[in-house]
Structures are given as structure tokens and as C-alpha cells.
Amino acid sequence: MSDELALYGKSFSSRLLVGTAMYPSPAIMRQSVVEAGAEIITLSLRRQNPAQQQGKMLWDYIQESGCSLLPNTAGCKSPAEAIALAEMSREIFRTDWLKLEVVGDDYNLQPDPYGLVEAARELVQRGFRVLPYCTDDLLVCRKLLDVGCEVLMPWGAPIGTGLGLMNKYNLQTLRDRLPDIPLIIDAGIGAPSQAAEAMEMGFDAILLNTAIARAQDPAAMARAFRLAVESGRAAHQAGLMVQRQTASPSTPTLDMPFWQQAETAGRN
């Protein structure tokens with residue numbers, strides 16, 4: 001059976017989305033995207049301008065790659081700033097898909113929940129397909145759904161920290177309470193094992209940048225993340241065993257003859 005990721009009516013085979021910033025070179029970025037098997041890549045107009053030489057190299061590759069582009073509003077601190085950058089990105093990159101970021105704190109780059117909802121409401125009305133980068137707050141996520149967002153991207157930890165899933169309770173609550181909404185873990189993932197764990201919890205995809213771009217071998221790390229995401233997804237679909245507080249023998253003795261019970265006990 002097909003197991004594709006559906007976002008805003010479009011299907012994708014890969015559940016790993018990757019960023020295009022901070023790589024040692026455009027060539028390494030290109031190789032990493034290929035190894036990740038990514039079909040969606042993010043790009044910031046502020047960090048990579050197609051009018052500049054390096055930005056043009058990156059933009060040329062993106063056009064050749066066949067990947068869907070997800071521009072972001074990284075660095076914006078107000079709804080007005082995010083909306084203005086979104087309109088510029090739509091004109092330059094020719095897409096109405098948008099990773100919406102409205103920063104509320106310079107220390108941990110935590111999203112501003114009020115500004116995020118305000119900007120999302122306006123951008124949805126302007127025809128954008130908004131994927132908001134948000135915290136793991138259920139009420140904020142519901143507000144974003146109420147204003148028209150169809151996909152949510154809660155953080156695992158602050159951007160670039162590599163701390164993984166810091167609040168598993170909140171994240172599991174989101175997954176349980178919003179079972180039909182595509183949820184993508186965005187930010188804070190630092191190791192393939194963390195990505196696999198998020199997928200095992202039932203999240204639909206992983207978006208990351210720093211963990212690949214800052215690895216000693218970005219392309220090899222991209223491949224490792226691809227395998228981890230695929231493994232975590234397969235484990236979720238297979239159904240994890242229920243965790244227990246007490247031990248349970250792996251070899252049952254109920255209804256076995258007494259001499260076989262003794263032999264089994266001796267082996268265990």
C-alpha cells in the first residue's frame with residue numbers, strides 16, 4: 001500500500017524535509033539533498049538571494065532538482081514583516097507554499113504565538129499554503145488550525161540546539177489530540193535516533209537543517225537521517241509493544257507439561 005505524505009492536497013514519497021543553509025558549499029548542499037531523498041527543501045529569501053552569485057547557484061540547482069520549494073520567513077519579528085517577506089518570496093520563487101516564522105524571543109528563537117496566529121490568518125486569506133513553525137502548545141496549534149492552516153510544524157527543541165524532543169508529553173498530546181492533522185517536527189533534532197523516535201510517536205515528517213549541514217560529513221549524515229525517518233515510520237506502522245512496569249517472561253510456561261516448565265525455567 002502507498003504510504004505517501006499528503007500536504008495541502010499534494011503527495012510526497014519522502015518524509016524528510018531539509019534546509020539549504022549553512023552548508024560548507026552549494027555542491028555539498030546539493031549532494032546532501034540527494035542523499036536525504038528530500039522532495040521538499042526550505043529556503044530563506046534573506047539568507048539566499050537569487051540575485052547574488054552564490055544564491056543564483058543555489059536557485060539554479062533547486063530549479064534543476066525537481067524538489068518542491070518551501071520558502072520561509074526566518075528572522076521576522078512581527079506579522080507585518082513576515083507578511084511582506086512572504087509576498088516577496090511568492091513573487092521570486094513562484095510558489096504560494098510558505099514556512100511561516102515569527103520570532104518572539106532572540107535568546108531561543110521561540111515563535112511568537114500571537115504574532116504567528118495573526119500572520120497566518122492574513123496569509124491564508126491571501127492564498128498562501130501556510131506551514132507554521134510553532135511551539136508544542138495545543139491551544140496555539142488549535143488557533144492556527146482555526147485560521148486555516150492545514151499543516152502544523154511544532155518544535156522539538158529550539159532551533160539549532162540538537163537537543164531532540166525536549167517535551168515528549170506535549171508532543172504526544174498534540175499527536176493524540178490532532179490525529180488527522182499532518183504534524184512535522186521542525187527544529188531541535190540533532191541525531192538520527194531523535195528523528196526515528198519522533199516518527200515512532202506518529203509524527204508525519206521531520207524538517208531539519210543544522211544537524212545535516214553542520215555534520216562532519218553532511219551527505220553521509222543526510223543518508224543516516226533518511227534511513228532513521230524511514231525506520232521510525234515503519235516501526236510506527238508496525239505498532240510498538242506496550243511498555244510495562246514489571247518484567248514479563250519471553251517464554252511462557254502456562255499449559256506446558258511440568259517437565260517442560262522445569263527445562264524452560266532452567267534455560268531462562
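Above this note sits the structure.
Note that the coordinates shown come from a computational prediction; the quantities given were computed from them, not determined experimentally. (Residues numbered from 1 in each chain as written. Predicted model: local features only at pLDDT ≥ 70, side-chain atom pairs only at ≥ 80, totals over all residues. Heavy atoms only, no water.)

Trainee: Would you mind going over the side chain of Asp204 with me for this structure?
Mentor: By secondary structure assignment, the location of Asp204 is in the loop between helix 7 (192-200) and strand 10 (205-208). Overall, Asp204 belongs to the buried group, its relative accessible area being 15%. Among the polar contacts made by the side chain of Asp204, one reaches the main-chain amide nitrogen of Leu183 at a distance of 2.8 Å. Residues in contact with Asp204, not counting those within four places in the same chain, are Leu5, Arg15, Arg175, Ile181, Pro182, Leu183 and Met199. (Helix = DSSP H or I, 4+ residues; strand = E, 2+ residues; numbered from the N terminus. Buried < 20%, exposed > 50% of the residue type's maximum accessible area, 1.4 Å probe, protein only. Polar contact = N/O pair within 3.5 Å; in protein donor to acceptor, adjacent residues only side chain to side chain. Contact = heavy atoms within 4.5 Å.)

Trainee: What is the right way to read the pattern of salt bridges from this model?
Mentor: Any two side chains of opposite charge can pair, given that their charged atoms come close. What the rule picks out here adds up to 13 salt bridges. We note a salt bridge from Glu101 to Lys99, for which the minimum N-O separation is 3.3 Å. Among the charged side chains, a network of salt bridges with common partners joins Glu87, Arg90, Glu122 and Arg126. (Salt bridge = Lys/Arg side-chain N within 4 Å of Asp/Glu carboxyl O.)

Trainee: So what exactly am I meant to see when it comes to helix 4 (residues 113-125) here?
Mentor: An α-helical turn contains 3.6 residues, so a residue and the one three or four places further along point in the same direction. The end-to-end C-alpha distance of helix 4, which contains 13 residues, comes to 18 Å, matching closely the 18 Å that a straight helix rising 1.5 Å per residue would cover. Buried within helix 4 we find Gly115, Leu116, Val117, Ala119, Ala120 and Leu123. In the core, the buried residues of helix 4 are packed alongside helix 3 (79-93), strand 6 (97-100), strand 7 (129-134) and helix 5 (138-146). Structurally, the start of helix 4 carries an N-cap: the backbone nitrogen of Tyr114 is 3.1 Å from a side-chain oxygen of Asp112. Remark: Gly127 follows helix 4 within two positions and exhibits a positive phi of approximately 95 degrees. (Expected span 1.5 Å × (residues − 1).)

Trainee: Explanation requested: the pairing of strand 10 in the structure shown.
Mentor: The two faces of a sheet get side chains in turn, since along a regular strand they alternate between them. Taking every second residue as pointing to the same face, both faces of strand 10 are buried, with Ala205 and Leu207 on one and Ile206 and Leu208 on the other. Note: strand 3 (residues 16-19) against strand 10, three bridges, orientation parallel. Residue Val18 lies in a different strand from strand 10, and its bridge partner there is Leu208. Viewed along the sheet, the connection from strand 9 (residues 184-186) through helix 7 into strand 10 turns out right-handed. (Pairing = 2+ DSSP bridges. Right-handed = clockwise from strand over helix to strand, strands pointing away.)

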